[in-house]
Amino acid sequence: MVEKSKNKFYITTPIYYVNDIPHIGHAYTTIIADAISRYKKLTGNEVFFLTGTDEHGQKIEKRAEAKGIKPIELADQVVGRFKNLWKALNISYDYFVRTTQSSHEKGVQKIFQKLKDKGDIYKGVYEGYYCVSCENFLSDDVPLEKEGNKTCPDCGKQAGKVSEECYFFKLSSYQKPLLDLYKKNPYFIRPKSRMNEIKSFVKQGLKDLSITRTTVKWGIPVPDDPDHSIYVWFDALHNYLTGIGYDWNPELYNKFWPPDIHLIGKDILRFHAVFWPAFLMAGGLTLPGTVFGHGWWLKDKTKISKSKGNALDPHVILNTFGTDPLRYFLLREIPLGLDGNFSHEGFIHRVNSDLANDLGNLVQRTLTMIHKYFSGNIIEMDEKNETDIKLKAEFVTCKDKVASFYEEFAINKALEETWVYINLVNKYLADNEPWKLAKDESKKKRLARILFQAAAAIRAIAYFIYPVMPESADKIWTLLGEDKSISDQSFAELEFEDFKPGQNIQRTEPLFPRVELKDFLKEEEKKMDYLTFDEFKKMDLRVGEIIKAEKVEGTQKLIKMEVDIGGETRQMISGIADTYEADDLVGKKPIVIVNLKPAVIHGIESQAMLLAAEMKDGSAIVPFFGDDVPTGSKVK
RNA sequence: GGCGGUGUAGCUCAGUCGGUUAGAGCAUACGGCUCAUAUCCGUAGUGUCGGGGGUUCAACUCCCUCCACCGCCA
C-alpha cells in the first residue's frame, strides 16, 4: 500500500439526506469542517474538503411522487439549497459529491462486486416485520405482540413477519479486527467517551448486515442482480471513496486517501466507527485516521429535528448578522463533543459581548486613533519599553496555545485563548492611555509606538480568528494596509514584527454592530407565519363532554374516549394517561377540535382532538369547563 | 437490566501527581477613563465542591454506599 504523502489533509462532512431542508445542525457540522480545513491550510497542508448529499432511498422516492416530480428533480432542488447555504456561510469545500452521480454509483457497484467475489458479501434471507402501508421493515426493538405480529410505530397498522431475499455483509467476521483497530488507534473515535460506547457495542458481538433491498427502487442496482438495490449505508458511506476519485481519478485518490478526519454528528457514529472501517477492511483499503462525533445544538433542551418543527433556519440570523457571527457563536459556545442549547438570548449576548464589545471595539478605537493622530500612517516611533515588549511576549504565548488547541480540534479553546489576548490588548491601551499622550506634542513618538504595538497585536488576532471568521479576518488585514491575504501567511512563520511602519491604515465602520435582543426579535417576528383570522375561523372548536374513557391496552399514555360534541359523538385518542385516570375523565368538558383530519393512532381512528397544555416533562394538563357551560358550545 | 459518564459560585464550566485562603467567563454591585460601537480598565463578593461513610497528618481529588441526571446497548 502506498503511504499517503505528508502535508495532505483529507476532511469530510457527512453527506446530507435530501429529504431534509438545511438547518442549523447541517450548518454546524459543515462550519466545523471548514474551520479545520482553513486551519490546516495555514499550517502548510494541502487540504481536500469533501461534502455532498445522500439522494437515494424510499423516502425520496415517495416524497418526489407526492410532489409529482422525479426523485432526481427533488434531489436537484435540495442540492441547490445546500449549495446556496454553503456559499452564504463561506464554506470552502473542494468537491460536492452526490450519490446519484455515475462515478459514485459505478464505484459502489465495483466495491460491492469486489466484496462479493471475496466472499464478504453473500446472498441470504432477511426476516423481519414488514409494514405494507409504510413499505418498511420495522426495527428490531419494536416489541412482539401476542398474536406474533408487531405494530408499526409510524402508522399504527399491523406488520407481519416476512422473509426477503437480500445480500448480507459479513460484519460478524470483523469483530476482532475492529477491536484491534480501536486498541491500536485510540484516537480512531473521538471524543474518547464515544470510544467506550462503540467498544462495548462491538464486544457484544456483531451480526451480519443486510445491505440490499428488493422493496426500494430508487437506489443503486446490485451488479448482475438488478432486482436488488443497495441499501442506504453501504451506498452512502462509500461517498468518502468516490468523492475523492476512487475508480475515476486515481491521481486525486492516491494523493489524499485515506481521510484524516470524518466529521459527523454523534447520532451516526456507529455507522462510521463500526460498519465503515469494516467495509474498508474487507476492501483492503487504508483506514481513516479519526471519526469525530460532535454534539448537537438543542432548542429548549430538545433535539432539533424536522418532525419536531423546531428546526432553526440559519437564514434568519444570516440576514441580520452576516456569516461570521454565526460561525463564531457555533464554534465558540461549546466544545466539539458536547451538546449546546441554542437561544436567541445566548446568541445575541455572546456576539455583543465578544465580537462587538471586545474585538470590534478594539479594532475601532485603535484604527480611529491612528487616523486621528497620524492620518493613518505611523512612521517614526520610540523604542519599545517594558509594556511593549510584554505585549509581544504575550503574543508568542498566545500563538503557541492557539496552535495547539486548533491541532486537537478544540476550536472553542483556541478562540477563548485569542480572547484572552484581545483583553490584554484592551488593557494595554487602558494602561498606556494614548489619548492623554496625544495632547502633548513632545510625546508623539511614544504615542506612535503604543498605537503601532496595538495594531500589530490586532493583526495577529485577525490571523488567529481566520479559520472561524475568514471574512472579518481578511477585512482587518486589509484595513491594516496588508497587501497579502491571510491564507498566504503560514502559521508557523507568523511574527509580531511582520507589521511594518508606514503601512497605510484605513478608517472603518464598526466590524460587528451591536444588536439588541428586542430589535432582533422584531426582525424574527416579521418572519413568523401569522395565521389570518379567516384561517383561524376554519377551526371548529367546541365544548365536548367525555362520555366514555378507557386506557388503550399496551400503551403508556393513550386514552380512548367517546366525546359528545353536541348531539353527536366522536371517538378520540389522546395521550394524557400520564396525568389522568380514564375513569376520572368521564363527565369532564374539554375543548375539542372537531374538524381536524382524522388520524389513526395506535391502530384506532381518532376523529377529534382535545386541547391540552404540554408540560416540560411531556405530560399534558387539560383545561375543563364547568357544568354551567352547555356541551357543544362553540369556542372561539 | 448491562456498560459508561456527570453532579463544583445565580448561569456555563476548569480544577493536572491528594498539599496553602477552591478558580475562569458571563450576570450583579461599586469605582476609574473618555480614544472607541453606552464601549474599555479596575475592585468586590457569595460555594455544606450531590448526600452519607471510610482511608490519610491532609480529600473537590482515592475507596465504599446512596440519590439525581445523561449517553450507549443494531
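Right, let's walk through the structure included here. In this text the structure is predicted, and so the values were computed from the model without any measurement.

### Some points on the packing of aromatic side chains
Here the structure, examined in full by the defined rule, presents 39 aromatic pairs. Summarising the aromatic geometry, the rings of Phe292 and Phe409 are spaced 6.2 Å apart at their centres and angled 85° between planes, so their arrangement reads as edge-to-face. Taken together, the residues span a long stretch of sequence, with Phe292 in strand 14 (residues 290-294) and Phe409 in the loop between helix 14 (386-407) and helix 15 (411-432) at a distance of 117 residues. Just as Phe292 is buried, Phe409 falls in that class too. Through a chain of ring-to-ring contacts, the aromatic side chains of Tyr10, Phe48, Tyr240, Tyr246, Tyr253, Phe256, Trp257 and Trp276 assemble into a single cluster. For Arg213, the ring lying beneath its charged end belongs to Tyr231, and the centroid distance is 4.0 Å. The ring of Trp477 carries the charged tip of Arg459 above its face, separated from the ring centre by 4.2 Å.

### Some remarks on the packing of helix 14 against helix 15
Each pair of packed helices gets described by two things: the angle between the helix axes and the distance between those axes. At their nearest, the axes of helix 14 and helix 15 sit 8 Å apart, and the two run at 170° to each other. Between helix 14 and helix 15, the crossing angle belongs to the class labelled roughly antiparallel. Residues Thr387, Asp388, Leu391, Glu394, Phe395, Cys398, Lys401, Val402, Phe405 and Tyr406 of helix 14 form the contact with helix 15, whose participating residues are Ile411, Lys413, Ala414, Leu415, Glu417, Thr418, Tyr421, Leu424, Val425, Tyr428 and Asn432. Class assignment for the residues of the contact of helix 14 with helix 15 results in 13 nonpolar, three polar and five charged.

### Some words on the environment of Leu511
The residue Leu511 is located in the loop between helix 18 (470-479) and helix 19 (517-527) in this model. Distance from Leu511 to Phe48, taken between C-alpha atoms, is 31 Å for residues 463 residues apart in sequence. Residues within four places of Leu511 in sequence aside, it is in contact with Val363, Lys475, Ile476 and Leu479.

### As for helix 5 (residues 175-184)
All of the buried residues along helix 5 are Leu178, Leu181 and Tyr182. Along helix 5, the residues classed as buried sweep out an arc of 95° about the axis, all on the same side. Of the residues in helix 5, the exposed ones pointing more than 90 degrees away from the buried face are Lys176, Lys183 and Lys184.

### Brief notes about the protein's contact with RNA strand B
By nearness alone, 31 residues border RNA strand B, and Glu197, Gln204, Arg270, Asn361 and Arg365 come closest of all. The sugar and phosphate moieties of RNA strand B supply 74% of its atoms located within 4 Å of the protein. Interatomic distance of 2.9 Å between a side-chain N/O atom of Asp358 and a phosphate oxygen of RNA strand B. The side chain of Asn361 places a nitrogen or oxygen atom 2.3 Å from a sugar or linking oxygen of RNA strand B.

### Quick word on empty space enclosed by the protein
One pass over the structure, following the stated rule, counts one cavity of 30 Å³ or more. Here the largest cavity defines a volume of roughly 30 Å³. Forming the walls of the largest cavity are Ala35, Ile36, Tyr39, Lys40, Tyr406 and Phe409. Looking at the lining of the largest cavity element by element, the count peaks at four residues for helix 1 (residues 24-42). When the residues that make up the lining of the largest cavity are grouped by side-chain class, the tally is five nonpolar, no polar and one charged.

Each value, and the rule that gives it
- Residues numbered from 1 in each chain as written.
- Chains lettered and ligands numbered in written order.
- Predicted model: local features only at pLDDT ≥ 70, side-chain atom pairs only at ≥ 80, totals over all residues.
- Heavy atoms only, no water.
- Phe/Tyr/Trp six-rings, centres within 6.5 Å; stacked < 30°, edge-to-face > 60°.
- Helix = DSSP H or I, 4+ residues; strand = E, 2+ residues; numbered from the N terminus.
- Buried < 20%, exposed > 50% of the residue type's maximum accessible area, 1.4 Å probe, protein only.
- Lys NZ or Arg CZ within 6 Å of the ring centre and 35° of its normal.
- Axes fitted to C-alpha atoms, helices over the stretch in contact; angles between N-to-C directions.
- Parallel < 35°, antiparallel > 145°, perpendicular 65-115°, else oblique.
- Contact = heavy atoms within 4.5 Å.
- Nonpolar A, V, L, I, M, F, W, Y, C, P; charged D, E, K, R; others polar.
- Arc of directions from axis to C-beta.
- Near = heavy atom within 4 Å.
- Polar contact = N/O pair within 3.5 Å; in protein donor to acceptor, adjacent residues only side chain to side chain.
- 1 Å grid on protein atoms, 1.4 Å probe; cavity = no way out; pocket = protein on both sides within 12 Å on 5 of 7 lines; lining within 4 Å.
- Points joined across faces, edges and corners; volume = space filled by probe spheres on them.

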